Every structure is written in C-alpha cells, then in structure tokens.
Amino acid sequence: MQKNNSLDEFYIRRCIELAKNGLGTTYPNPLVGSVIVHNGKIIGEGWHQKAGEAHAEVHAVHSVKDKTLLPEATIYVSLEPCSHFGKTPPCCDLILAHKIPNVVIGTPDPFAKVSGNGIRKLQEAGTNVTVGVLENECNELNKRFFTFHTKKRPYIILKWAQTSDGYIAPAVREAQKPVWITNTYSRQLVHKWRSEEQAILVGTQTVVDDNPTLNVRDWTGNNPVRIVLDKNNRISKESFIFDSSSKTVLIDNQVIDFDKNPATQIAGYLYKEGIQSVIIEGGRQTLQTFIDAGLWDEARVFFGEASFSEGTKAPVITGQAVQKSKIGSDELVIYSNL
C-alpha cells in the first residue's frame, strides 16, 4: 500500500534526522533511522550506529518502555527493513515478533539481499505496509550506499580550494606546506567531511608537493582510508601518508593501466575493495581526469580571497551549482553532476 500524508512525512523526516547520526560509522551498511508511534506519540526511536551492531529498528523497539503498546503501534523506518541474516538477525522478524501492525517505509533497499524482500515478507504476514514516504529525501540520505549498489562504483566527491584569480597552488612554494587558500573554519569543515566518507584520494604530485596526512585532526571522527595514486613509485616512504593514523592504499601501474581510462579503472578498483564513498582532494590533474570522464557526483569548491597571479590553475568544471554559502571570508559552492 502506498500513500503519503503529513503525519507520515513528519515521522519519516524524524527518521532521516536520526539516521544522519551514523554518517561515517556505518560503512558498509546504509544510514537508517526508525521511530515508533502509538496514538500520535513517539514511544521509541533509534538509528543504526555502527556496522555489525544492532539496526535502527532494534534500537527503536528496545527503547520502548511499555512494549505492550507495540501491537497497536506504527513503526517508521527510512529504509526497507532487512529480511536476511547478516551480522544481525532480520529486522522483519523483530517487527513480526512484536506484532507491530503498521510499517511505514521511506524507500526500498537496492541491496540484492533485501530489495523488496523485506516489504514482501511483512505484507505476506498481514502487516499493513506503506512505502515511498519522502522517497527522494530517503534516497538522498543514502546516496553513497545506493550509488555503490546500483552503479557499481563509489559515490565520488571532488573537493578543492581556489584563489580569487583561479589558482589552486602558487608557482613557487616556500616553507609552508601546503599553502593555505581558505580560512581555519573552512579547513575544519573539510576535516568534518573526511570523517563522513569512507576514503580520501589524491594524486602523486599532491603528496610530493604538500606531504599531507589526509586524516581527521580538526574534527572528531574516523579517519578515511587513504588512496594514493603513484604510477611510477615516486612517493617517499617517509611521507606522512604512511603513518599509523589510518590505512593507506597505493594504486600504481601494477594495479591499473594509467594510459587507459584511469578514472574508470580507479572507480572499479575501489568498488572491488568495498569503498562506498571517496572524497578526491587533488591535485589538479587527478581532479580533471575524473571531471573529464564524467565520473563524479558532487564537487565542493572553496573560493578564497587570496590571489597568486600565477601557478597551477584550478580544474574546469561544468556541473550545476546547487548550493552557495559563506564561511567567513570564503565562499563555498557545491556542484552536482546531474
């Protein structure tokens, strides 16, 4: 049964808010939030917090103090409940065991082991199931998970900072590495982004020029897996990317053929490695390679007040600007590859 009403949307929106608490900690699982309502009152809430641990529906059910209310309640969930045994039991079985009569689902799950089976199992057991409430918003919530399972590649985010005159690096570098274009607030935001993605990717020249650590220092969260392109093994083993703060994966000419559609090969390799999302932070050639191949989903571009007059020009992008915001003196523009 499919329908939308304002109350269903209200509770699914709350599910989405809850689910976002798990961003960066649930890989390879999706973000899921759940709310249980009895007579117009929320009596239970939960979200999936970490892969291998209890799902959102389990947390929501366990949070209900008076479980005798469950046979008269409605459970809302942003993503179709699972019906298979993974690291945890099926959430459909939990819902049926507690005789919850109504289930409202934001969007179906594209994962092959679920993909409609959870909905079907609930319906066959006589549960009243509503599907497709705020479906677009629920799909956006799990854009990484959905891209990975439907396009067989990671969700790809491009990120760079450029000066007011269109450069990403000066012609001459002094002692400071890297040379900052943005302010401290923008840099903190970038570290927050890193904590939300499964991997971060840079090219050889970025490591040679800047010797970055590519981890999360100005935010609290997990460090992403560091993916570094090094076609000719030019990167020193003393570089910070080889410290113990997070895992580093080198992609050299033994892994892919850099002369034949490298962006496509890299995306395919990351898919095989189970990487659902990657933020590509440079350098220019690496960014432009993915742009020219059309292999990106969104680009996050900072425009700083500084000017270099000469140096490395910023990548050229032709996506649609979907959001603009000010971060102190910096401007952040987010592009979508529609």
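Thresholds applied
- Residues numbered from 1 in each chain as written.
- Predicted model: local features only at pLDDT ≥ 70, side-chain atom pairs only at ≥ 80, totals over all residues.
- Heavy atoms only, no water.
- UniProt positions renumbered as here; feature names shortened; annotations may be inferred.
- Helix = DSSP H or I, 4+ residues; strand = E, 2+ residues; numbered from the N terminus.
- Buried < 20%, exposed > 50% of the residue type's maximum accessible area, 1.4 Å probe, protein only.
- Phe/Tyr/Trp six-rings, centres within 6.5 Å; stacked < 30°, edge-to-face > 60°.
- Lys NZ or Arg CZ within 6 Å of the ring centre and 35° of its normal.
- Domains from an automatic or database assignment.
- Contact = heavy atoms within 4.5 Å.
- Buried area = accessible area lost by both parts, 1.4 Å probe.
- Salt bridge = Lys/Arg side-chain N within 4 Å of Asp/Glu carboxyl O.
- Polar contact = N/O pair within 3.5 Å; in protein donor to acceptor, adjacent residues only side chain to side chain.
- Nonpolar A, V, L, I, M, F, W, Y, C, P; charged D, E, K, R; others polar.

The name an unreviewed UniProt entry assigns to the chain is Riboflavin biosynthesis protein RibD, from the organism Flavobacterium humi. Quoted verbatim from the Function (unreviewed entry) field of UniProt, the annotation for the chain is "Converts 2,5-diamino-6-(ribosylamino)-4(3h)-pyrimidinone 5'-phosphate into 5-amino-6-(ribosylamino)-2,4(1h,3h)-pyrimidinedione 5'-phosphate."

S.K.: Break down unusual backbone geometry for me, citing the residues and quoting the values.
M.R.: With an omega dihedral of 5°, the bond running from Tyr 27 to Pro 28 counts as a cis peptide bond. Residue position: Pro 28 is located in the loop between helix H1 (6-19) and strand S1 (33-38). Unusually for a residue other than glycine, Leu 134 sits at a positive phi of about 55°. Within the secondary structure layout, Leu 134 lies in the loop between strand S5 (128-131) and helix H5 (135-141). With a relative accessible area of 7%, Leu 134 lands in the buried category.

S.K.: Explain the packing of aromatic side chains to me, using residue names and the numbers behind them.
M.R.: This structure, assessed with the given rule, holds five aromatic pairs. With a centroid separation of 5.0 Å and an interplanar angle of 45°, the aromatic rings of Tyr 11 and Tyr 76 are classed as tilted. One end of the pair, Tyr 11, is in helix H1; the other, Tyr 76, is in strand S3 (residues 74-79), and 65 residues separate them in sequence. When sorted by exposure, Tyr 11 lands in the same class as Tyr 76, which is buried. The structure contains a cluster of three or more aromatic residues connected by ring pairs, namely Phe 10, Tyr 11 and Tyr 76. In this arrangement the basic side chain of Arg 300 is found over the ring face of Trp 193, its NZ or CZ atom lying 4.6 Å from the centre. The ring centre of Tyr 167 lies 4.6 Å from the NZ or CZ of Lys 313, which sits over that ring.

S.K.: Describe the domain arrangement of the chain, listing the residues and the values that go with them.
M.R.: Per the domain assignment, the segments making up the chain are domain 1 (4-146) and domain 2 (152-336). Taken over C-alpha atoms, the centre of domain 1 sits 35 Å from the centre of domain 2. Opposite the nine residues of domain 1 that make contact, domain 2 presents ten residues. Broken down residue by residue, the surface that domain 1 buries against domain 2 is led by Tyr 27, Lys 143 and Arg 144, which jointly contribute 64%. The tally of links from domain 1 across to domain 2 stands at two salt bridges. Two residues, Glu 197 and Arg 144, come together in a salt bridge whose shortest N-O distance is 2.8 Å. In this assembly, domain 1 and domain 2 are joined by six residue pairs in polar contact (both at pLDDT 80 or more). Here the side of domain 1 that touches domain 2 is composed, by residue class, of four nonpolar, three polar and two charged.

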